[in-house]
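Coordinate inspection notes
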Amino acid sequence: MSLPALHNTGVLFRRILSQFPQDISLAFAYGSGVFQQHGTSQGQMEKNMLDFVFAVDDPVTWHTMNLLQNRKHYSILKLLGPTKISSIQNEHGASVYYNTLVPVDDRIIKYGVISTDALIDDLMNWKTMYVAGRLHKPVKMLLQSENGKLRAALVANLKSAVTASFLMLPESFSEEDLFLQIAGLSYAGDFRMVIGEDKSKVANIVRDNIQHFRVLYSNILRDCPQVVYKPQHGKLEVDKSPEGQFTQLMALPRTLQQRITKLVDPPGKNRDVEEILLQVAQDPDCGAVVQQGISSITKSSSITQGVKGIATAGLWKTVSYSSKKLLKMWKGWRRKPSISQIS
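If you look the chain up in an unreviewed UniProt entry, it shows as Phosphatidate cytidylyltransferase, mitochondrial from Salarias fasciatus. Word for word, the UniProt comment on the chain under Function (unreviewed entry) is "Catalyzes the conversion of phosphatidic acid (PA) to CDP-diacylglycerol (CDP-DAG), an essential intermediate in the synthesis of phosphatidylglycerol, cardiolipin and phosphatidylinositol." Check the Sequence similarities (unreviewed entry) section of the UniProt entry for the chain; it says "Belongs to the TAM41 family."

Quick word on the overall build of the chain
Assigned secondary structure in the chain consists of 15 helices and eight strands. Expressed as a percentage of the 343 residues in the chain, the buried residues total 55%. For the chain, the computed accessible surface area is about 15,900 Å², with 55% contributed by carbon and sulfur atoms.

Let's talk about the packing of helix 12 (residues 254–264) against helix 13 (residues 273–281)
Running from N to C, helix 12 and helix 13 cross one another at 70°; their axes reach a closest spacing of 10 Å. Taken as axis vectors, helix 12 and helix 13 run roughly perpendicular relative to one another. Mapping the contact onto sequence places Q257, I260, T261 and V264 in helix 12 and V273, I276, L277, Q279 and V280 in helix 13.

Quick word on unusual backbone geometry
Even without being glycine, L101 reaches a positive phi, approximately 50°. Its place among the elements puts L101 in strand 3 (residues 96–104). Backbone geometry at M129 places phi at a positive 60°, although glycine is not the residue there. Classification of M129 as buried rests on a relative accessible area of 1%.

A look at the pattern of salt bridges
Per the counting criterion, the structure on display carries six salt bridges. When the shortest N-O distance is used, the salt bridge between E146 and R151 registers 3.3 Å. Residue classification places R151 among the partly exposed residues on the basis of a relative accessible area of 35%.

Quick word on the sheet that holds strand 7 (residues 227–230)
The three strands lie next to each other as 6-8-7, forming an open sheet whose pairing is antiparallel. One side of each edge strand has no neighbouring strand; the edge strands of this open sheet are strand 6 (172–174) and strand 7. With strand direction ignored, the average angle separating the axes of adjacent strands in the sheet is 20°. The pairing of strand 6 with strand 8 (residues 235–238) spans three bridges and is antiparallel. Pairing of S172 across the sheet is with E237, part of strand 8. Against the sheet, helix 8 (residues 175–184) contacts strand 6, strand 7 and strand 8, and its axis sits at roughly 80° relative to strand 6.

Side note on the pairing of strand 2 (residues 50–56)
The element strand 2 is largely enclosed, with a buried count of seven among its seven residues. A two-sided burial pattern is seen for strand 2, the buried positions comprising L50, F52, F54 and V56 on one face and D51, V53 and A55 on the other. Two elements, strand 1 (residues 26–30) and strand 2, share five bridges in a ladder whose sense is antiparallel. Within strand 2, the residue paired with A27 across the bridge is F54.

Brief notes about the sheet that holds strand 4 (residues 107–115)
Taken together, the five strands give an open sheet; going across it, the order is 3-4-2-1-5, and neighbouring strands pair in mixed fashion. Of all the strands in the sheet, the pair left with one neighbour each is strand 3 and strand 5 (140–144). Mean inter-strand twist for the sheet, computed between neighbouring axes without regard to direction, equals 20°. Looking at chain direction, strand 2 and strand 4 are connected through seven bridges and run parallel. Counterpart to V56 in the pairing with strand 4 is S115. Together, strand 1, strand 2, strand 3, strand 4 and strand 5 form the strand contacts of helix 1 (residues 10–17), whose direction differs from that of strand 2 by roughly 50°.

Topic: the nonpolar core
Within the largest apolar cluster, 69 residues are counted, with the highest numbers of intra-cluster contacts made by Y217 and L249. The greatest single-element share of this core, amounting to ten residues, is contributed by helix 7 (residues 148–168). Counting residues in hydrophobic clusters, the runner-up holds 26 residues, among them I16, F54, L67 and L77.

Definitions and limits used
- Residues numbered from 1 in each chain as written.
- Predicted model: local features only at pLDDT ≥ 70, side-chain atom pairs only at ≥ 80, totals over all residues.
- Heavy atoms only, no water.
- UniProt positions renumbered as here; feature names shortened; annotations may be inferred.
- Helix = DSSP H or I, 4+ residues; strand = E, 2+ residues; numbered from the N terminus.
- Buried < 20%, exposed > 50% of the residue type's maximum accessible area, 1.4 Å probe, protein only.
- Areas by Shrake-Rupley, 256 points an atom, 1.4 Å probe, with all protein chains shown as cover.
- Axes fitted to C-alpha atoms, helices over the stretch in contact; angles between N-to-C directions.
- Parallel < 35°, antiparallel > 145°, perpendicular 65-115°, else oblique.
- Contact = heavy atoms within 4.5 Å.
- Salt bridge = Lys/Arg side-chain N within 4 Å of Asp/Glu carboxyl O.
- Pairing = 2+ DSSP bridges.
- Core = buried A, V, L, I, M, F, W, Y, C linked by side-chain atoms within 4.5 Å.

Right, here's the structure in full:
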């Protein structure tokens, strides 16, 4: 799962991580400050905000310690105390609590805190796809505990991303097509892609990081009985028969299966999931139904997490952060990407 970081970042990451409470089960860095994206120079990257996610077994204890060490990182919500902060983290949005625009070691960082249990649930079931979606793409693993359940969930999440993408792709496609589809999963219904994000974001993530995607997915693709993978040519062929699609649909995360069922099954019929997925597998628009199901998950979680972010960041930081995102989106409009974003 671990990917090589950019040159000279290893010590920086360790220095940043050392300034937080150490009871962390998983820590990773992601985004344009970690992996080069198309159109971004090395100099620009070093000015970009660094994004982190920390999974912790006991959020109340972790926030208690972090409030002692890094009280200035928090908005006015710090006055509510660690128990209430943990409650806001777990019970609203995508179960992540973000502190943003935090100065650490001459860099500006943003870090999200999620409970280990909530992370495992999202990885296995795609309850919100918020952190699970970030882990579909290359990240720099900084710390990972010997938690077998968490390790299995990380692999399951990658397999689910491949399976969902197969259902939305044609019978034959390239590695690049697959990685574009995978990278776009968590943006499918994200309201920030309407306003606040560069429209060529998915293409920019994939274009200069094909090798990183291969590191994540090559073993899964080689072992998958549903696909013929030709890595030397960068080509794949997937089973698009009703039987093949049914097998893929049955392997999807539980929340996505439920969303698909809700889209297809008329109220009052109450058919079981297997019967409905068998029907979807034979539908020429199977891929579109899967896409709608994913969009319904990401739309809901992105909106609720976005609203929560205003409170956890505070008004000034929210305005500052949003203005930078809008500037980035405007610059994206001015560029003409040669790879179209997969919708």
